[in-house]
Amino acid sequence: MMMGGEVPRIIINLKLYRESSGPRAVELARHAEEVSSETGISLGIAPALLDAWRVAEAVEVPVYVQHADPVPAGPHTGHVSPSLLGDYGFSGALLNHSERRMLLADIGRAVRMLEGEGLQSIVCAGGPGEALAAASLGPTAVAFEPPELIGTGVSVSRARPEAVGEAVRLVRGARPDVAVLCGAGVSSGEDVRRAIELGADGVLVASAVAKSSRPREKMMELAAGAAAAVGR
Ligand code: G3P
């Protein structure tokens, strides 16, 4: 239940996997909390919307909703309002995930609304040029995720190192205040280490943790990769 602050090194997107839904979402969030305190590497979690509130109630690590709409609190139905997220203890929202694309104007409005609430916005982008466009909206972070590698187990930091470097260079050149994450296929500690060595602040990861039969061990491995890169 942390608001504002820095973006975690590792954000675990639980998507809508059955394996990471319901009571299991809380279990995974508790593992993330333990791994975070044991390793000193910050982890955050983005549960499915149906699980998000109980996860935010259960843990102190940053919890994000997987999507938010640029609508205020009030007479709106079926939306996720940035204006209400703080009341529930969320740290912020992912925006424009490749599985939940948004119009550029809506991303900008959602970013400003989240900022107005003191919450974080993490805007996903499918390519370096898109990452630059996303950074120009002034979010807390941009997450570069080539859609074709998502869910493949082939890490962006291994398969597309030059594109990660390019996204980092473009975003930092234009908006040094915006953090840069990368994701898609991240599966091992080595993948995380490479991502940070390419200049990213951290990673967004889903299936390698959400579908793992040993998720706590997997989180430990990913955190160790981050620790190796940042010299902890
Ligand atoms: O949001 C993270 C995600 O899209 C990456 O998915 O399964 O390739 O880690 P995955």
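Structural data are supplied above this passage.
Everything numeric here is computed off the predicted structure, so don't read it as measured data.

Rules used throughout
- Residues numbered from 1 in each chain as written.
- Predicted model: local features only at pLDDT ≥ 70, side-chain atom pairs only at ≥ 80, totals over all residues.
- Heavy atoms only, no water.
- Helix = DSSP H or I, 4+ residues; strand = E, 2+ residues; numbered from the N terminus.
- Rg over C-alpha atoms; globule rule 2.2 N^0.38 Å.
- Buried < 20%, exposed > 50% of the residue type's maximum accessible area, 1.4 Å probe, protein only.
- Areas by Shrake-Rupley, 256 points an atom, 1.4 Å probe, with all protein chains shown as cover.
- Phe/Tyr/Trp six-rings, centres within 6.5 Å; stacked < 30°, edge-to-face > 60°.
- Near = heavy atom within 4 Å.
- Polar contact = N/O pair within 3.5 Å; in protein donor to acceptor, adjacent residues only side chain to side chain.
- Nonpolar A, V, L, I, M, F, W, Y, C, P; charged D, E, K, R; others polar.

Q: Residues and numbers for the overall build of the protein, please.
A: Of regular secondary structure, the protein possesses 10 helices and eight strands. In terms of overall dimensions, the protein is globule-like: its C-alpha atoms have a radius of gyration of 16 Å, near the 17 Å expected for 232 residues. A principal-axis box enclosing the C-alpha atoms of the protein has dimensions of 45 × 40 × 30 Å. In the protein, buried positions account for 54% of the 232 residues. Total accessible area computed for the protein in this model is approximately 9600 Å², and 53% of it derives from carbon and sulfur atoms.

Q: So what's going on with the packing of aromatic side chains? Residues and values would help.
A: Under the criterion given, the structure shown has one aromatic pair. Aromatic pair Trp53 and Tyr88: ring centres 5.9 Å apart, planes at 80 degrees, arrangement edge-to-face. Here Tyr88 lies in the loop between α3 (82–85) and β4 (92–95) and Trp53 lies in helix α2 (residues 49–58), a separation of 35 residues in the sequence. Given the relative accessible area of 38%, Tyr88 is considered partly exposed.

Q: Provide a residue-level description of the site of the ligand, including the pertinent values.
A: Looking at the ligand, the residues that line it are Asn13, Lys15, His97, Glu145, Ile150, Gly151, Ala184, Gly185, Leu204, Val205, Ala206 and Ser207. With respect to the ligand, the backbone of Gly151 contributes an N or O atom lying 2.6 Å from an oxygen atom. In the model, an oxygen atom of the ligand is placed 2.7 Å from a nitrogen or oxygen of the Gly185 main chain. Protein burial of the ligand: of its 310 Å² of free accessible surface, 100% is covered by the chains. In the shell around the ligand, the residues fall into five nonpolar, five polar and two charged.

Q: Would you mind going over unusual backbone geometry in detail, with residue names and values included?
A: Here the phi dihedral of Lys15 falls at roughly 45 degrees; this positive angle occurs in a residue that is not glycine. Topologically, Lys15 is positioned in the loop between β1 (10–13) and α1 (23–39). Using a relative accessible area of 12% as the deciding quantity, one classes Lys15 as buried. Positive phi, normally seen in glycine, also occurs at Ala184, with a value near 110 degrees. As for its placement among the helices and strands, Ala184 is situated in the loop between β7 (179–183) and α8 (189–197).

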